[in-house]
Amino acid sequence: MPRKSRGAYLYHRKNRNLYEIRDGSRVVGTGTGDRGEAETALARYIAEKDRPNGPRRTDQMTVEEALSIYGEEHGVTVRAPATIGYSIMALRPILGPLPVAIINKEQCRRYARDRGVKPGTVRRELGVLQAALNHCHAQGYLLTPVKVTLPPPPPPRDRWLTRDEAAKLVRAAWRNPKSKHLARFILTAIHTGTRSGAIMNLMFMAHTQGGYVDTESGMMYRRGAGQAETKKRQPPIPIPRPLLAHMRRWEKNGARWVVEIDGQRVASVKTAWARALKEAGIDHCTRHDLRHTSITWAMQRGMDRWIAAGFFGVSMDVLEKTYAHHSPDYLRDAAMIMGSRH
């Protein structure tokens, strides 16, 4: 009687210090001598081996399989794969075992109830599920498309700092020896409306992992030369004069990064931010609200919407929906018409 196959397993070739996958008579190299990396390669091999090649009906594929395919084939190609990964990890325990065919409006509502988080989070996670199912259909794994019902988008957040609040926040950050780097972050965000992640990656020299500041020309390049453009646009901009004066002083004093501690890049300002908010007596404000503040102030000062869209890297649609009502010219023509004599 032939011996029963033990299935796919890892074999260590000691003479070459490399692991290979052995599956019956088949041998597949992993290209690594690291056990952890080899185990990841084995898991990928098993998943791909057990995956049917032909398209399937929606009752023949589970949500778990669809998410795995999407994560392996598309998740690794995006700039922030962890964002997709978090959503997949949240979806798996609740919807993973279910067949794709059972995904309907009621299942999506039940997911929202079982998940017990904010509607915006549920919407983002179910959006990843929709993207995964679209991918499987487009790539021929699913015969028919499946519609995922998303909760309505939350109303746009309209929290922005007054000039007095912004001044208090900068003072609180600068006066605390542990938070001086946060003052640079706040000034940069308020004067330019740049997103938090882009600010943290700004240097005073060109590099490929993020943007840089050219204090000689007075330009800020918010996206690195090696970074692809995404939906969150980061166009280069001239630096406003007050911020440029600060940045020239920081660079003259030896700074390499716009936000740094002892010459080293700061990974996060989360702790310093919470401390500064408490010391300034400001509640319910996030770091992203600094971007809202910057755009809102620009609208209040009458900045042209087309110019604002280019400077801040937002679409005209978002500008109209979220910020236009702050402009002093908003609906002024309507008021003049209604106030005129017929």
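The coordinates are above.
Caption draft 1: Representation of the overall build of the chain in the model. When its secondary structure is counted, the chain shows 14 helices and eight strands. Scored against the burial criterion, the 342 residues of the chain give a buried share of 40%. Long-range contacts, defined as pairs at least 24 residues apart, comprise 57% of the intrachain contacts of the chain with a sequence gap of at least 6. Summing over all exposed atoms, the chain offers an accessible surface of approximately 20,200 Å²; the carbon and sulfur share of this is 54%.

Caption draft 2: Inspection of the sheet that holds strand S3 (residues 26-29) at higher detail. The sheet built from three strands is open, its strands ordered S1-S2-S3 with antiparallel pairing. Both edges of this open sheet fall to strand S1 (9-13) and S3, since each of them pairs with a single strand only. Neighbour-to-neighbour, the strand axes of this sheet turn through a mean angle of 35°, independent of strand direction. Direction of pairing for S1 relative to strand S2 (residues 18-23): antiparallel, over a ladder of five bridges. Among the inter-strand pairings, Arg13 is bridged to a residue of S2, identified as Leu18.

Caption draft 3: Examining the pairing of S2 more closely. Between S1 and S2, which pair antiparallel one after the other, the connecting turn spans four residues, and Asn17 there sits at a positive phi close to 50°. Of the strand pairs in this sheet, S2 and S3 are connected by four bridges, and their pairing is antiparallel. Looking at S3, one finds that Glu20 is bridged to Gly29.

Caption draft 4: Examining empty space enclosed by the protein more closely. Taken as a whole and assessed by the stated rule, the structure comprises one cavity of 30 Å³ or more. By volume, the largest cavity is sized at about 30 Å³. In terms of lining residues, the largest cavity is bounded by Gly193, Thr194, Arg195, Arg222, Arg233, Gln234, Arg291 and Phe312.

Caption draft 5: Inspection of the side chain of Gln107 at higher detail. Mapped onto the elements, Gln107 comes out in helix H4 (residues 105-115). Aside from chain neighbours lying at most four places away, what touches Gln107 is Leu95, Leu98 and Ile102.

Caption draft 6: Layout of the layout of surface pockets. By volume, the second largest pocket amounts to about 240 Å³. Of all the elements in the fold, those that place two or more residues in the lining of the second largest pocket are helix H7 (180-192), helix H11 (289-300) and helix H12 (305-312). For the lining of the second largest pocket, a count of residues per class yields seven nonpolar, two polar and one charged.

Caption draft 7: Fine view of the nonpolar core. In terms of nonpolar packing, the biggest core is built from 49 residues, with Leu169, Leu182, Phe185, Ile186 and Met247 touching the most fellow members. Contributing elements (two or more residues each) for this core: helix H6 (163-175), H7, helix H8 (196-200), helix H9 (241-252), helix H10 (270-280), H11, H12 and helix H13 (316-323). Setting aside residues up to four positions removed in sequence, Ile186 forms contacts with Leu169, Val170, Ala173, Trp273 and Leu290. Core analysis: the second largest hydrophobic core is formed by 26 residues, Ile84, Ile103, Cys108 and Tyr141 among them.

Here is what the cut-offs are and how they apply
Residues numbered from 1 in each chain as written. Predicted model: local features only at pLDDT ≥ 70, side-chain atom pairs only at ≥ 80, totals over all residues. Heavy atoms only, no water. Helix = DSSP H or I, 4+ residues; strand = E, 2+ residues; numbered from the N terminus. Buried < 20%, exposed > 50% of the residue type's maximum accessible area, 1.4 Å probe, protein only. Contact = heavy atoms within 4.5 Å. Areas by Shrake-Rupley, 256 points an atom, 1.4 Å probe, with all protein chains shown as cover. Pairing = 2+ DSSP bridges. Axes fitted to C-alpha atoms, helices over the stretch in contact; angles between N-to-C directions. 1 Å grid on protein atoms, 1.4 Å probe; cavity = no way out; pocket = protein on both sides within 12 Å on 5 of 7 lines; lining within 4 Å. Points joined across faces, edges and corners; volume = space filled by probe spheres on them. Nonpolar A, V, L, I, M, F, W, Y, C, P; charged D, E, K, R; others polar. Core = buried A, V, L, I, M, F, W, Y, C linked by side-chain atoms within 4.5 Å.

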